[in-house]
Amino acid sequence: MTPVLETIDLSRRFGGLTATDHVSFSLERGARHALIGPNGAGKTTFINLLTGALRPSGGQIRLAGEDVTRLAPDRRVKRGLSRTFQINQLFPEMTPLQALALAAAEARGTGAAWFSSIAADEPALARAAELLDRFGLAEFMDEPTSRLPYGRQRLLEIALSLAGHPEVLLLDEPAAGVPEEERADILKIVAALPEEVTILLIEHDMDLVFSFAERITVMVNGAIFAAGTPAEIEADRRVREVYLGEGGDE
Amino acid sequence: MSGEAKPSTLEAARASLMRSAALKPFEYLVWLPLPLLIFLFPSKAFLLNEIAILALFAVSLDLILGFAGIVSLGHAAFFGAGAYTAGILAANGFGAPLLGLAAGGAAAALLGFATSFFILRGSDLTRLMITLGLQLILLELANRFSGLTGGTDGLYGMTVDPIAGLFSFDLTGQTAWFYSLTVLFAAFLFARRLVHSPFGRSLKAVKGNRRRAAFLGIDTNRRLVAIYTVSAGLAGLAGVLLAQTTQFVSLDVLDFHRSAEVLLVLVIGGTGYLYGGIFGAVIFKLMQDWLSGMTPQYWQFWIGLLLVAIVLVGRERMTGGLGRLAAFLPGRPARRAAKAPAAGGEDAP
Amino acid sequence: MLTILFDGFAYGMLLFILACGLAVTLGLMNFINLAHGAFAMAGGYLTVVLMNRYGVSFYLCLPAAFLVTALAGAVLERTLYVHLYDRNHLDQVLFSIGLVFMAVAAIDFVAGSQQQIIQLPASLRGRFEFFGVSVGVYRLFIIVICGLLTLALQLVSSRTRFGSQLRAAVDDPSVARGLGIRVSAIFAVTFAVGSGLAGLGGALGAEILGLDPTFPLKFMIYFLIVVAVGGTTTITGPFIASIILGVADVAGKYYLPDFGAFVIYTLMVAILIVRPEGLFARSAAR
Ligand SMILES: Nc1ncnc2c1ncn2[C@@H]1O[C@H](COP(=O)(O)OP(=O)(O)OP(=O)(O)O)[C@@H](O)[C@H]1O
Ligand SMILES: [Mg+2]
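In this text, all values refer to a predicted model and were calculated from it rather than measured experimentally.

Participant: What's the story with the pattern of salt bridges in this structure? I'm lost.
Facilitator: Side chains carrying opposite charge are able to pair once their charged atoms draw close together. Counted according to the given criterion, the structure contains 25 salt bridges over all chains. Here K6(B) and D133(A) are joined by a salt bridge, their closest N and O atoms 4.0 Å apart. Pair noted here: K6(B) is in the segment before α1 (7–21) and D133(A) is in helix α4 (residues 122–134), and the two residues belong to different chains. R192(B) is the partner of E27(B) in a salt bridge, and the nearest nitrogen-oxygen pair spans 2.8 Å. Within this pair, whereas E27(B) is found in helix α2 (residues 25–31), its partner R192(B) is found in helix α9 (residues 174–196), the two being separated by 165 residues in sequence. The same class applies to E27(B) as to R192(B), namely buried. Each of K78(A), E106(A) and R223(B) takes part in salt bridges that share partners, so that together they form one network.

Here's what the structure looks like:
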């Protein structure tokens, strides 16, 4: 079976720095895959390349077997590749309801309609309401996003990426910056993501990584350093040295 | 994740979205008395006409500035394109007003479409320069091809036929006022419909965070091209109205101060909720009428002072008085969110 | 032909001195100051008043124009501009257009709307032939003065401590702050110097560019072209952009007199379409 998402020799340089170094990586359908690595290892850059936020300096990206290396981000989204951002990328002035309804309508292909009303778009509305409920955002549905507590903003970040029923979801440190007491909500959400969605998770929280992932890839200095099952990674001496050893449990 | 929403959430969501798009009582208060103004101030028909034209121009700017976040210093390019198209038609025997409207609006929209591709990339400064530059290029061209446009003397000899063969433009300016008001109303309805459509809402998303909008699958460039084209077309209509109701077009329609002025008008009334253009035009024109009555030459000084004051006090607060009516107006909850800790995060480079 | 090149070069040098302050404000504070031309106008009018009313020598007027406008710039920066650095570009544009309108109307009120004439000292008038090129003495004077200033700017920015702090601040204000550089003091000094240079440019340029109350509006676009095309990360960028602009404008008006400034507007738009960040922007990372 072809992997849903695959890179071949993918590279990206920033001036003299090679942030992604000939990475060949693949994601099987339905996978629960974690990508870990020290700060500055190039994890976010890798996601940026996969989703089209950055252009690679070399190599190829294949989505469901098709070459998408040159495709614009929105086209990749339309093909089922969705992501969240390490630093929230939200619409400060819109309410969660407006943003989610918009995202759902967009995925249905009704997002560019000039003269219909979004309130009349039943499926989009239902999807937005469902996500509001599931993410505990219903009580905030009419608040401008900028006024939401940070933890709720973080949840909205994930909810937005799910609104369009993606096939592949790339989560860039979903729990980053979330205070301890709200962390549990995020972990629960991540654990309960629908089975059919293929997930690549970047995370520094090793408890979350090891409870979630079936496979783990370790990235160091832009290159794949090790890959395997959680047990293999945990047992890998070199990984412990470069990563787990130096206070991996932050 | 194919769960179902709680019925209560679904209902609340539906109600909330319908509420924000529904006609508010306030809107009737704005529109119903307007046609009657002429009977209250019969001698001010020309001023009223100018207000309607300026309002339409400002509303068109709001579509790109308030809804899509495009800062333009050259919106008069489209105003001028509309005005000259209608003017040249009328000076060459095609004086039917509705024909002029259609042609002028279409010409401006076409120009907007063609130039929209230039404002997609780069910084705010780049956009300012390109919009301003294009307007200045048009100005130079209009000046150069004086055979067609009349150059610095202006375009004389327009004959504008009666509207639909029935209502001729009279010396009292009444016809002009009703004509401009009707066009303003129709264009406004169109714009209002547009901003409440999924398309319009996606524009606000593009404005709020262009990068994330793209990651919802929105083709941001196409949306911007579309709204820029529409906005240009409406600005063109405003230009047509000025040409037809004054039966004169001069290089002034393409002047920088016209672009600056419409920006000011919109800022006075507030951006991003459409009515700002109308309120701004009313306030601006009345003020101009009053101030230039006192010191005709130095009226510009007071505009300048007003601009500086508005910015220093804060646009949000200054237009807050109008904004408080927001509760009744469509699509405003956003404005309350002024400057809370940014949820947008880093800018897309 | 060579004469056009020479005149264009002089014109470009002048534009550079007028606009380099704007480039720094933009690069340093990310502030779009459309009112920059008002400082130039102030320098020009100061010279007119000093010369025509008080009979001060032109050579003395130049430093006076620099000092007075620099002082005015410093005062305005500390009282008004400082509040606007963290505002969005729309606010900055509105604010500075407001200042321009006020300046235009105020000068009109005080000095009237007519063109002001500066009587150059006899030693600066006339032309001479130099290998077949007709060289205007005053244009040569402008080239020399502006050339020296450009050199001085280049030296200050590359050789002095202030210069390196300035470059660090332009690169990344927050990092510079972290390094203990007093960014806001640097803002104030550069703003003042930039305004002063504009004032000096206004005094020098009154003869060539003309001087009337609409000066800031008329030349706003020229200054903006310099920074938009030249970028704000170096001194060389705006300098080269100024020279291109000067030569293109003089040549355009000579060869295509009917089209006025059409040539340079078109050139600018074309450049910005191809390179939205300007000709000399550091290659965009993305
Ligand atoms: N736009 C850019 N320009 C230049 N360098 C960049 C850019 N983006 C990232 N880098 C550099 O690339 C390297 C990898 O960064 P990246 O953000 O991908 O790391 P990361 O693994 O996500 O780190 P973290 O765990 O801190 O999020 C870093 O050294 C970073 O400074
Ligand atoms: Mg990262």
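From this point, things continue past the structure.
Participant: Looking at this structure, how should I read the interface of chain B and chain A?
Facilitator: How large an interface is tends to be reported as the accessible area lost when its parts come together. Counting residues at the interface gives 49 residues for chain B and 59 residues for chain A. Summing both sides of the interface, chain B and chain A together bury roughly 4,900 Å²; the carbon and sulfur share of this comes to 62%. At the junction of chain B and chain A, the tally comes to four salt bridges. The residue E157(A) makes a salt bridge to R212(B) at a minimum N-O spacing of 2.4 Å. Applying the counting rule to chain B against chain A returns 15 residue pairs in polar contact (both at pLDDT 80 or more). Element by element, the count of residues in the side of chain B that touches chain A is highest for α1(B), at nine residues. Its residues placed into classes, the side of chain B that touches chain A shows 25 nonpolar, twelve polar and twelve charged.

Participant: Before we go on, may I ask you to explain empty space enclosed by the protein in this structure?
Facilitator: Gaps between atoms show up when a probe of the same size as a water molecule is rolled over them. Residues and elements named next belong to chain C. A full pass over the atoms with the stated rule returns four cavities of 30 Å³ or more. In this model, the second largest cavity occupies a volume close to 70 Å³. What lines the second largest cavity is simply I225, V229, A241, I244, L245, I264, L267, M268 and I271. For the lining of the second largest cavity, the elements supplying multiple residues, two or more each, are α9 (215–230), α10 (236–255) and α11 (262–274). Tallying contributions element by element places α11 first for the lining of the second largest cavity, with four residues.

Participant: Please explain the layout of surface pockets as it appears in this structure.
Facilitator: Space inside the second largest pocket adds up to approximately 890 Å³. Counting residues per element, the lining of the second largest pocket draws most heavily on α9(C), at six residues.

Participant: Please clarify how the pairing of strand β1 (residues 127–130) of chain C should be interpreted in this entry.
Facilitator: All names here are of chain C. Inspection of the sheet shows β1 paired to strand β2 (residues 133–136) by four bridges, in the antiparallel sense. When the bridges of β2 are listed, R127 appears paired with G136. Between the antiparallel neighbours β1 and β2 lie two residues, among them F131 with a positive phi of about 50 degrees.

Participant: Please explain the site of ligand 1 as it appears in this structure.
Facilitator: In the vicinity of ligand 1 lie 14 residues, with G40(A), K43(A), T44(A), T45(A) and Q86(A) positioned nearest. At ligand 1, the nearby residues belong to more than one chain, namely chains A and C. One of the side-chain N or O atoms of N39(A) is found 2.9 Å from an oxygen atom in ligand 1. The separation between an oxygen atom of ligand 1 and a polar side-chain atom of T44(A) is 2.6 Å. Within the complex, the protein chains bury 66% of what would otherwise be the 640 Å² of accessible surface of ligand 1. Among the secondary structure elements, those contributing two or more residues to the shell around ligand 1 are β2 (17–27) and α1 (43–51) of chain A. Residue classes in the shell around ligand 1 are distributed as four nonpolar, seven polar and three charged.

Participant: How should the packing of aromatic side chains be read in this particular structure?
Facilitator: What describes a pair of aromatic rings is the distance from one ring centre to the other and the angle between the planes of the rings. Residue and element names in this part refer to chain C. Inspection of every chain in the model, using the stated rule, returns 31 aromatic pairs over all chains. Seen in terms of ring centroids, Y138 and F141 are 6.0 Å apart; in terms of plane orientation they differ by 25 degrees. Their pairing is stacked. One end of the pair, Y138, and the other, F141, are both in helix α5 (residues 137–159), three residues apart, so they sit about a helical turn from each other. F141 matches Y138 in its accessibility class, with the two residues each being buried.

Participant: Looking at this structure, how should I read the sheet that holds strand β5 (residues 66–67) of chain A?
Facilitator: Strand pairing in a sheet relies on backbone hydrogen bonds. The paired strands run either parallel or antiparallel. Residues and elements named next belong to chain A. The sheet built from four strands is open, its strands ordered β2-β1-β4-β5 with antiparallel pairing. This sheet does not close on itself; its edge strands, each paired only once, are β2 and β5. Pairing of strand β1 (residues 5–14) with β2 involves seven bridges; the strand directions are antiparallel. Residue pairing for β2: L10 is matched across the bridge by V23. Across the sheet, α1 lies against β1, β2 and β4 (58–63), angled at about 120 degrees from β1, the strand it touches most.

Participant: I tried to follow the coordination of the magnesium ion (ligand 2) on my own but got confused; where do I start?
Facilitator: Metal coordination angles have textbook ideals: 109.5 degrees for a tetrahedral set of four donors and 90 or 180 degrees for an octahedral set of six. Residue and element names in this part refer to chain A. The protein atoms that coordinate the magnesium ion (ligand 2) are T44 (OG1) and Q86 (OE1), at distances of 1.8 to 2.1 Å. Of the two residues, T44 sits in helix α1 while Q86 sits in the loop between β6 (81–83) and α3 (96–108), which places them 42 residues apart along the sequence. For T44, a relative accessible area of 25% gives the class partly exposed.

Participant: Is there a simple way to think about the side chain of D219(B) in this case?
Facilitator: In this fold, D219(B) is placed in the loop between α11 (210–214) and α12 (220–246). For D219(B), which is buried and forms no salt bridge, the nearest opposite charge comes from R75(A), at a distance of 4.1 Å. Residues within four places of D219(B) in sequence aside, it is in contact with D74(A) and R75(A).

Basis of the calculations
- Residues numbered from 1 in each chain as written.
- Chains lettered and ligands numbered in written order.
- Predicted model: local features only at pLDDT ≥ 70, side-chain atom pairs only at ≥ 80, totals over all residues.
- Heavy atoms only, no water.
- Salt bridge = Lys/Arg side-chain N within 4 Å of Asp/Glu carboxyl O.
- Helix = DSSP H or I, 4+ residues; strand = E, 2+ residues; numbered from the N terminus.
- Buried < 20%, exposed > 50% of the residue type's maximum accessible area, 1.4 Å probe, protein only.
- Contact = heavy atoms within 4.5 Å.
- Buried area = accessible area lost by both parts, 1.4 Å probe.
- Polar contact = N/O pair within 3.5 Å; in protein donor to acceptor, adjacent residues only side chain to side chain.
- Nonpolar A, V, L, I, M, F, W, Y, C, P; charged D, E, K, R; others polar.
- 1 Å grid on protein atoms, 1.4 Å probe; cavity = no way out; pocket = protein on both sides within 12 Å on 5 of 7 lines; lining within 4 Å.
- Points joined across faces, edges and corners; volume = space filled by probe spheres on them.
- Pairing = 2+ DSSP bridges.
- Near = heavy atom within 4 Å.
- Areas by Shrake-Rupley, 256 points an atom, 1.4 Å probe, with all protein chains shown as cover.
- Phe/Tyr/Trp six-rings, centres within 6.5 Å; stacked < 30°, edge-to-face > 60°.
- Axes fitted to C-alpha atoms, helices over the stretch in contact; angles between N-to-C directions.
- Donors = N, O, S within 2.8 Å, 3.2 Å for Na, K, Ca; no water.
- Lys, Arg positive; Asp, Glu negative; His and termini not counted.

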